[in-house]
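# Chains, contacts and geometry: an overview
Listed below, chain by chain, are the residues.
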Amino acid sequence: MIDSKLLRQSPADVKANLARRGFTFDAAAYAVLEEQRKTLQVDTESLRNERNSSARQIGKAKSQGEDVAPLLVAVKDLGDRLDASEARLQSIQAELHTIELDLPNLMHDDVPEGNSEEDNRELRRWGDVPEFDFKAVDHVDLGAGLGLLDFDAASRISGSRFTVMHGPLARLQRALIQFMLDVHTIEHGYQEVYVPYLVQEQALFGTSQLPKFEEDLFKTSGDTPYYLIPTAEVPLTNLVREQILDADSLPRRYVAHTPCFRSEAGSYGKDTRGMIRQHQFEKVELVQMVAPADSNDALEALTGHAEQILQRLGLAYRVVILCAGDLGFGSSKTYDLEVWLPGQNNYREISSCSCCTDFQARRMQARWRNPESGRPELLHTLNGSALAAGRALVAVMENYQDKDGNIRIPDVLVPYMNGLEVISKKV
RNA sequence: GGAGAGAUGGCUGAGUGGUCGAAAGCGCUCCCCUGCUAAGGGAGUAAGGGCUAAUACCCCUUCGAGGGUUCGAAUCCCUCUCUCUCCGCCA
């Protein structure tokens, strides 16, 4: 959420910032509601004050054995007036809250103009795009050729957008995950966390998947439904929900490997081939909680941590900064890492690293005690994939293929493959 | 699944209708005292919100959550959630 004080005091600035995303903030309508809220709240609170002091008086009189009947008459209709006032206040506050939950985060000044993916700006490239002296194929053909990737079985079991992997290929994904977790915990200072994969709606409100993006989520039935996490960002970020952290415990750096579940509603016909876009995929996620002054640097560092994985895997990639129109709802600034996929002859997103400033922290009431003010203040939260394991697997398969359809194991993963150096067809 | 106990401030823990945001202790902060240390004395120490230029006053809300009774609820009633203990079951 955006600071409601800012919405009141500088509605024009907010409107202009959000307009760059293509979001229309009706500042005038908000101001009208806000004016009503102010009057109502002041009235309601003064009525409550009146009630409290009368109640005190009555108590006092009673204890002194005085007749309280006249006092009771005096407050007779106070309760009704208060009830009415409270009800109106509550409804107007709910209206304001609904509007506020709907507003995306304010953008960092660095975010370039633009309406769509096309307008994202490339910042840098790393690595050489591999050149093959044979016709490179995509991971689907590679997997089928090796007999280790089985979309038919997956669709018989679960329908479209699921995968079954066998043997060394299944292990290769596990190796990637293991490798990433090791690098982040041992070298980058992240604490490994095991988290729930089913969460309640309040957690999703905190990270801002709800209320706006319910259709992207899988939800269980029942009185208090659970949602399957679309990313470990949800449970990891909510670790600090309603907490006040000591300044010396910052920055917090958490990493978790989890499966992720996305309904992919609205992506019909998109990436239907292969395992680029699945209902279920594995991901290693980084989350940081930092003091506000540190969040810009933290985003650069976090992005670097994700890049480190690609570099060690020897995968060519580029870094793009998302333009205003493509930026995620809760993010103030996002870098995407796009890995080269020979099968698509293109760069494809494999990581997305975002700084959410205090947007999620405000929804979660996640704070730290600022030693300078002595007061609890909102944290800044960041998250990034490092990496999406399913897509990393695709990238390794396609970039490390040979003319016979075998897959060489990147050096850093060999120890995680029990020494296996090549995944080859059974002879 | 059965039986029972409980949920109060950073922690322990009192409080069964009235000035209780809440005793006491611990912890923490500051001050005093004291060659140093230890001990001792004093003061302060929740969060959210409103108003406001203000992190100054003042006011409102919050004792697991949500309802109810009442002029007034931490305290009484109802519903729910969670935690703990014992038994059973299970990975």
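In what follows, the structure referred to is the one given above.
Quick look at the structure, then. (Residues numbered from 1 in each chain as written. Chains lettered and ligands numbered in written order. Predicted model: local features only at pLDDT ≥ 70, side-chain atom pairs only at ≥ 80, totals over all residues. Heavy atoms only, no water.)

A word on the sheet that holds strand β9 (residues 333-341). Taken together, the 8 strands give an open sheet; going across it, the order is β1-β8-β9-β10-β13-β7-β6-β2, and neighbouring strands pair in mixed fashion. Edge positions in the open sheet fall to β1 (121-126) and β2 (191-192), since each of these has one partner strand only. Both β9 and strand β10 (residues 346-355) contribute to a ladder of 9 bridges, which runs antiparallel. Each bridged residue has a counterpart across the sheet, and for tryptophan 340 the counterpart in β10 is tyrosine 347. Relative to strand β13 (residues 380-388), helix α13 (residues 389-399) is tilted by about 35°, and along the sheet it contacts β7 (280-290), β9, β10 and β13. (Pairing = 2+ DSSP bridges. Helix = DSSP H or I, 4+ residues; strand = E, 2+ residues; numbered from the N terminus. Contact = heavy atoms within 4.5 Å. Axes fitted to C-alpha atoms, helices over the stretch in contact; angles between N-to-C directions.)

With respect to the element layout, arginine 241 can be found in the loop between α10 (233-237) and β5 (244-245). Given a relative accessible area of 18%, arginine 241 falls into the buried group. In terms of polar contacts, arginine 241 uses its side chain to reach the backbone carbonyl oxygen of glutamine 202, at 3.3 Å. Here the side chain of arginine 241 touches asparagine 238 through a polar contact of 2.9 Å, side chain to side chain. If sequence neighbours within four positions are ignored, arginine 241 has contacts with Gln202, Ala203, Gly206, Arg363, Met364 and Gln365. (Buried < 20%, exposed > 50% of the residue type's maximum accessible area, 1.4 Å probe, protein only. Polar contact = N/O pair within 3.5 Å; in protein donor to acceptor, adjacent residues only side chain to side chain.)

Buried within helix α2 (residues 11-19) are the following residues: Val14, Asn17 and Leu18. One side of α2 carries all its buried residues, which in axial view fall inside an arc of 95°. (Arc of directions from axis to C-beta.)

Our next topic: the pattern of salt bridges. One pass over the full model with this rule turns up 25 salt bridges. A salt bridge links aspartate 141 to arginine 273, with the nearest nitrogen and oxygen atoms 3.0 Å apart. Remark: arginine 273 occurs in the loop between β6 (252-261) and β7 and aspartate 141 occurs in helix α6 (residues 139-146); sequence separation between them is 132 residues. Taking the relative accessible area as the measure of exposure, aspartate 141 reaches 42% and is therefore partly exposed. By relative accessible area, arginine 273 is classed as partly exposed at 45%. (Salt bridge = Lys/Arg side-chain N within 4 Å of Asp/Glu carboxyl O.)

Within the secondary structure, arginine 21 sits in the loop between α2 and α3 (27-63). No salt bridge is formed by the buried arginine 21; its nearest oppositely charged neighbour, aspartate 326, is found at 9.3 Å. Not counting residues within four places of it along the chain, the set of residues in contact with arginine 21 comprises Pro104, Asn105, Met107, Ala324, Gly325, Leu327, Gly328, Phe329 and Ser331. (Lys, Arg positive; Asp, Glu negative; His and termini not counted.)

By nearness alone, 25 residues border RNA strand B, and Arg8, Arg37, Arg48, Ala55 and Arg367 come closest of all. Counting only the atoms of RNA strand B that lie within 4 Å of the protein, the sugar and phosphate share comes to 73%. Lysine 38 places a side-chain nitrogen or oxygen 3.2 Å from a phosphate oxygen of RNA strand B. Contributing elements (two or more residues each) for the surface near RNA strand B: α1 (4-9), α3, β11 (367-370) and β12 (375-378). The leading source of residues in the surface near RNA strand B is α3, at 15 residues. A class-by-class count of the residues in the surface near RNA strand B yields 6 nonpolar, 6 polar and 13 charged. (Near = heavy atom within 4 Å. Nonpolar A, V, L, I, M, F, W, Y, C, P; charged D, E, K, R; others polar.)

It is worth spelling out the nonpolar core at this point. Of all hydrophobic cores here, the largest spans 55 residues; its most connected members are Leu172, Leu176, Met180, Leu310, Leu315, Leu387 and Ile423. Per-element accounting of this core gives the leading share, 9 residues, to helix α8 (residues 167-187). Those residues in contact with leucine 310 that sit more than four places away from it in its chain are Trp126, Leu315, Tyr317, Leu337, Val339, Ile350 and Leu387. Listed in part, the 18 residues of the second largest apolar core include Val240, Leu245, Ala291 and Leu378. (Core = buried A, V, L, I, M, F, W, Y, C linked by side-chain atoms within 4.5 Å.)

Axis separation between α6 and α13 bottoms out at 9 Å; the angle between their running directions is 75°. Compared by their axis directions, α6 and α13 come out roughly perpendicular. Contacts between α6 and α13 involve His139, Leu142 and Gly143 from the first element and Val394, Met397 and Glu398 from the second. (Parallel < 35°, antiparallel > 145°, perpendicular 65-115°, else oblique.)

For the rest of this paragraph, the subject is the sheet that holds β11. Strand order in the open sheet formed by 3 strands is β5-β11-β12, with mixed pairing between adjacent strands. Among the strands making up the open sheet, the edge pair consists of β5 and β12. As paired elements, β5 and β11 share 2 bridges and run parallel to each other. Residue pairing in the sheet places isoleucine 244 in a bridge with arginine 367 of β11.

This structure, assessed with the given rule, holds 8 aromatic pairs. By the ring-pair criterion, three or more aromatic residues cluster together here, those being Phe213, Phe329 and Phe359. (Phe/Tyr/Trp six-rings, centres within 6.5 Å; stacked < 30°, edge-to-face > 60°.)

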